[in-house]
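Inside the fold
Listed here are the chains, written in short residue letters.
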Amino acid sequence: MQSAEGLDDYLRDPIGRYLTGESFLHWYASPEVCGFTVWGRPGEAQIQRLTQVLDVELAPSAPHVSLVDARRVEAPDANGLAVLVKYMMPRISGFSQTVKRQALVRPEGMAGAVVGGFYSLVSSSYPTRAFADPLEALSWLGRPESESHALMNELNDLVTRLMGQTPLLGELHRVLRTRLVDASLTDVAREMGMSERTLQRRLREAGTSFQSELNTVQVRTAQALLLESDAKLTAVAVEVGCASLQHFSSLFRKMTGESPSAWRARHRKTP
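Attention here is on the structure that accompanies the text.

Now for the pairing of strand E3 (residues 24–30). Among the 7 residues that make up E3, 6 are buried, leaving the element largely enclosed by the rest of the structure. Taken together, strand E2 (residues 17–20) and the strand that follows it, E3, pair antiparallel across an intervening segment of 3 residues. Here E3 runs beside strand E4 (residues 33–40); their pairing, made up of 6 bridges, is antiparallel. Residue pairing across strands places Trp27 opposite Gly35, the latter belonging to E4.

Scanning all chains against the criterion turns up 12 salt bridges. A salt bridge links Arg17 to Asp9, with the shortest nitrogen-to-oxygen separation between them at 2.4 Å. Here Asp9 falls in the buried class, since its relative accessible area comes to 13%. Here Arg266 and Glu258 are joined by a salt bridge, their closest N and O atoms 2.7 Å apart. Taking the relative accessible area as the measure of exposure, Arg266 reaches 45% and is therefore partly exposed.

Next up on the list: the pairing of E2. Sheet analysis places strand E1 (residues 2–3) next to E2, joined by 2 bridges and oriented parallel. Looking across to E2, one finds that Ser3 is bridged to Tyr18. One crossover worth recording links E1 to the parallel E2 by way of helix H1 (residues 7–12), and it is right-handed.

With that settled, the discussion passes to the environment of Leu11. Along the chain, the position of Leu11 falls in helix H1. Remark: the alpha-carbon pair of Leu11 and Glu57, spanning 46 residues in sequence, is separated by 8.9 Å. Leu11 has contacts with Gln52, Val53, Asp55 and Val56, leaving out every residue within four places of it along the chain.

Strand order across the open sheet formed by 7 strands is E1-E2-E3-E4-E5-E6-E7, with mixed pairing between neighbours. In this open sheet, the two edge strands, each paired with only one partner strand, are E1 and strand E7 (128–131). Most of the contacts of helix H2 (residues 44–54) go to E3, to which it runs at about 15 degrees, and overall it touches E2, E3 and E4.

This brings us to the packing of aromatic side chains. Scanning all chains against the criterion turns up 4 aromatic pairs. Joined through ring pairs, the aromatic side chains of Phe248, Phe252 and Trp263 make up one cluster.

Running from N to C, helix H9 (residues 167–177) and helix H11 (residues 196–205) point in directions that differ by 125 degrees, and their axes come no closer than 10 Å. With respect to H11, the element H9 is oriented oblique. Like other packed secondary-structure pairs, H9 and H11 cross with a definite hand, here left-handed. Between H9 and H11, the contacting residues are Leu168, Leu169 and Leu172 on the first element and Leu199, Arg202 and Leu203 on the second. Here the residues of the contact of H9 with H11 are counted per class, giving 5 nonpolar, no polar and 1 charged.

Let us now look at the side chain of Asp69. Positionally, Asp69 belongs in strand E5 (residues 64–73). Beyond its immediate chain neighbours, meaning those up to four positions away, Asp69 contacts Phe36, Thr37, Val38, Val105 and Met152.

Cut-off values and rules
- Residues numbered from 1 in each chain as written.
- Predicted model: local features only at pLDDT ≥ 70, side-chain atom pairs only at ≥ 80, totals over all residues.
- Heavy atoms only, no water.
- Buried < 20%, exposed > 50% of the residue type's maximum accessible area, 1.4 Å probe, protein only.
- Helix = DSSP H or I, 4+ residues; strand = E, 2+ residues; numbered from the N terminus.
- Pairing = 2+ DSSP bridges.
- Salt bridge = Lys/Arg side-chain N within 4 Å of Asp/Glu carboxyl O.
- Right-handed = clockwise from strand over helix to strand, strands pointing away.
- Contact = heavy atoms within 4.5 Å.
- Axes fitted to C-alpha atoms, helices over the stretch in contact; angles between N-to-C directions.
- Phe/Tyr/Trp six-rings, centres within 6.5 Å; stacked < 30°, edge-to-face > 60°.
- Parallel < 35°, antiparallel > 145°, perpendicular 65-115°, else oblique.
- Left-handed = near helix turned anticlockwise from the far one by under 90°.
- Nonpolar A, V, L, I, M, F, W, Y, C, P; charged D, E, K, R; others polar.

Keep in mind these numbers describe shape, not what the thing actually does.
Okay, structure coming up:
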């Protein structure tokens, strides 16, 4: 797929192209399948921009299936979600004419629960279903296996570049998010299809280490839990794989410059 030159250009001719925003990528692989990927902490402004792009899927677009990949979302924003709901409500009938079915790939934990709850706020007349794996989602959408693998490889490369990560770190973070409690170099390397020595060498070449990336994912996951839940700090510490509250607080302060309680208080001042 090729990058569009801007919103008007993409709306005019989307097939085989994509458009990027600060925390999203909308793509149209073919007239039959399109979708978008969101990551990080998309706020109200970013979701507002995304809704402008979503008009590309309305009539006179050909009937198609849609993939929403939100597995990289760290902390859904309530105001951003409200913008998306407000956009969708008057357009449900329009999307029902062009979208045959839609699959949602949701993140782990609390963020996944919030993202998955979107369909309870907006009812559509086309089939929708949530998945943990994008390849399973594409299979449910009726896409051939070979096409699905090629498409996800292309999208993953695009997203990791946009997020400022190498493909290696993007894949490492994905694996770590699912096994923070018992993360080990041996198991993670095996899941990534390489030896411990190879993974360590490639991380050194990237200027980082396994422990450093593990700590990064632990703190990002903790921030999402602190922002989106009322869980006690001890529970958050356990959830992200820290052996004690003291260890968790020390790690969090080292990575952010604030204690977990101070960070939570500052970021939750605005509802």
